[in-house]
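This is what each chain is made of:
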Amino acid sequence: MTLLDAVLSLSEAPTRDEALQRILRALAQAAAADALSVLTAAEDGSVGVAAQIGLSPAAVGLSFNPAEHPRLRRATLAAGPIRFLDPSEPDPYSGWLLGSAGEIHPIHACMAVPLRVQGRLAGLLTLDACDPHGLRGLRDEDARMFAALCAGALRLDVGPGPALAAGARRAAGPASGGGALPGRSAAMRRIEREIAVLAPLSVPVLVTGETGVGKELVARALHERSPRASRALVIVNCAAIPAQLVESELFGHRKGAFTGATAARAGRFEAAHGGTIFLDEIGELPLAAQAQLLRALQEGEIQPVGEDRARRVEARVVAATNRDLRREVAEGRFRADLFHRLWVYPICVPPLRERREDIPALCERFAAEIAAELGAARVDFAEPALRALTQAGWPGNVRELKNAVERAALRRMMAEGTGAAGRTLVLRREDVDDAGDADEHGALAHPGAPRVELPGERPWPAGVPPGAPVEPLVEALERARREAFARAFRAAGGNAAMAGRLLGVSRSFAYKEAVRLGLIPAPEPRRR
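Here, residues in each chain are numbered from 1, in the same order as that chain's written sequence. Given that this is a predicted model, residues contribute local features only at a pLDDT of at least 70 and side-chain atom pairs are listed and counted only at 80 or more, while totals for whole chains, interfaces and linings are drawn from all residues. Side-chain numbers come from the whole structure's heavy atoms, not from hydrogens or water.

Draft legend 1. How the structure looks around helix α4 (residues 140-154). Here α4 contains 15 residues, and its C-alpha end-to-end distance of 21 Å stays within 8% of the 21 Å for a straight helix at 1.5 Å per residue. For α4, the set of buried residues is Ala143, Phe146, Ala147, Leu149, Cys150, Ala151, Ala153 and Leu154. Here a strand is any run of E in DSSP of at least two residues, a helix any run of H or I of at least four, and the numbering for each starts at the N terminus. Expected helix span is taken as 1.5 Å per residue step, with the number of steps being one fewer than the number of residues. Relative accessibility under 20% of the residue-type maximum defines a buried residue, over 50% an exposed one, and the middle range a partly exposed one, all with a 1.4 Å probe and only protein chains included.

Put into structure tokens, the structure is as follows:
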């Protein structure tokens, strides 16, 4: 690829990111760099990787706070190309070089060029070469020229990436602060565009998709990029509210309205006045509450339980469901008029198995979160581990992926037998064994899970002869429960929080259940 190809990419590339990638490929031929990247600047001052060559694929979408990285901070303030000669300054890409999770040697060549559009910082162009003299052949004038091409690519209106999210934030006004949704697939780019259009409006939005795909993230993005961002976002899990209390929870009640109503209480809609109310699992609402919700949407009025007069309330409604509401309407479980009122503009979030290219960025996001929780310097992935995670079926979608990454980090920490504080944990293939090969239906085979026999296969499990005694279900479940908790607490060294993570339950539940099962001693009663 020649420099001419890089120039032509500004007009011929189908997307902004493809244009950046072509420019980097041309630069790679002009400079002996091991890693090149373009970072885009966000309004909160952070910079995120939009395109790269020579780094781990999971680095795309990685975000840095320049205040925490001396080289990036100096680059954002520089007037032109800057070469870093002080080996005591850490390189932000240390450990991210393709095929290596190790640290970059302090003595290496590193260079950055600020990208400016209409006088404002739009991002950075960075180059790293493991050879200390690797960038000697690249003149500052050439670096400026490639930086100018990258800045031109950032002005393209088409394509994915942080620029689109930044545009949505600007459209939403100064109060907005929502970041980009994780993922760079075509589906997530479509959702980003839909959010950019819908966020400034007040129309209801219905978010659909399977359990665990990230519907709440979409709702948060709609709120945080809207003019309502400075007001409350009230989240309601409709499936978790007892049917007899739904109307009271949503619309409030007066004192004495029903048994137990010892004081007047405002509902969730009043709490969201001026802001956004997110009704998760709206398909679980009983029909009586649906009628009240329809009135709130149409008239902007709610009527607390036990009151004669309605109250005015102004809140933007975002709803979510994993049900087929058309079928629910046809079968009489959901009001048709409410369905049509919500179906102004539906946003469908596809399952993770249909957007596998988003998995590396999600893995890095979750790895950063667990690293912060464990006090680790970083949590990284060996290539086989990342490949296994990318190829898995994920029937539980993003939520299941997050659990798998956290579980893998805990396994690695326990396998190495040392604490994670200040260390880099590199997750291996064996750490993500339960995220291995997906079957033909996209389901995961978890270690130790019983195999479900299909029609035409063996009539009973191997090794169990006909007429074998059957253990009562209650006893079998209690025995399996005791074994699972015992293994978890043994692997966690008696730490209830870590055992809870391994089991997928809360720390308090793990502790109480371990006490009940006699696995750990009960706490001594407090003395007065």
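Here the narrative resumes.
Draft legend 2. Region of the structure containing the sheet that holds strand β4 (residues 82-83). Two strands form a pair only when DSSP identifies at least two bridges running between them. An order of β3-β2-β1-β6-β5-β4 is seen for the 6 strands of this open sheet, with the pairing classed as antiparallel. Among the strands making up the open sheet, the edge pair consists of β3 (63-64) and β4. Here 6 bridges tie strand β1 (residues 35-41) to strand β6 (residues 120-129), and the two strands are oriented antiparallel to one another. By the bridge assignment for β6, Ala35 is matched with Asp128. Of the strands in this sheet, β2 (47-53), β3, β4, β5 (109-117) and β6 are in contact with helix α3 (residues 70-77), which crosses β5 at around 40°. Any two residues whose heavy atoms approach within 4.5 Å at even a single point are treated as in contact. Helix axes use the C-alpha atoms of the stretch in contact, all axes being lines fitted to C-alpha atoms, and the angles between their N-to-C directions lie in the range 0 to 180 degrees.

Draft legend 3. Local environment of the packing of aromatic side chains. In summary, the pairing rule links any two rings of Phe, Tyr or Trp, Trp by its six-membered ring, whose centres are within 6.5 Å, and it sorts them by plane angle into stacked for under 30 degrees, edge-to-face for over 60 and tilted for everything else. Throughout the structure, instances matching the rule amount to 4 aromatic pairs. Taking the centre distance of 5.8 Å and the plane angle of 75° together, the rings of Phe64 and Tyr93 count as edge-to-face. Here the residue Phe64 occupies a position in strand β3, and Tyr93 occupies one in the loop between β4 and β5, the gap between them amounting to 29 residues. Accessibility classification places Phe64 together with Tyr93 in one group, the buried group. Taking the centre distance of 5.5 Å and the plane angle of 25° together, the rings of Phe251 and Phe269 count as stacked. Highlighted residues: Phe251 in helix α8 (residues 246-251) and Phe269 in helix α9 (residues 268-271), separated in sequence by 18 residues. Both residues of the pair, Phe251 and Phe269, belong to the buried class. Lying across the ring of Trp343, Arg326 places its NZ or CZ 4.9 Å from the centre. We count a charge as sitting over a ring when the NZ of a lysine or the CZ of an arginine lies within 6 Å of the ring centre and within 35 degrees of the ring normal.

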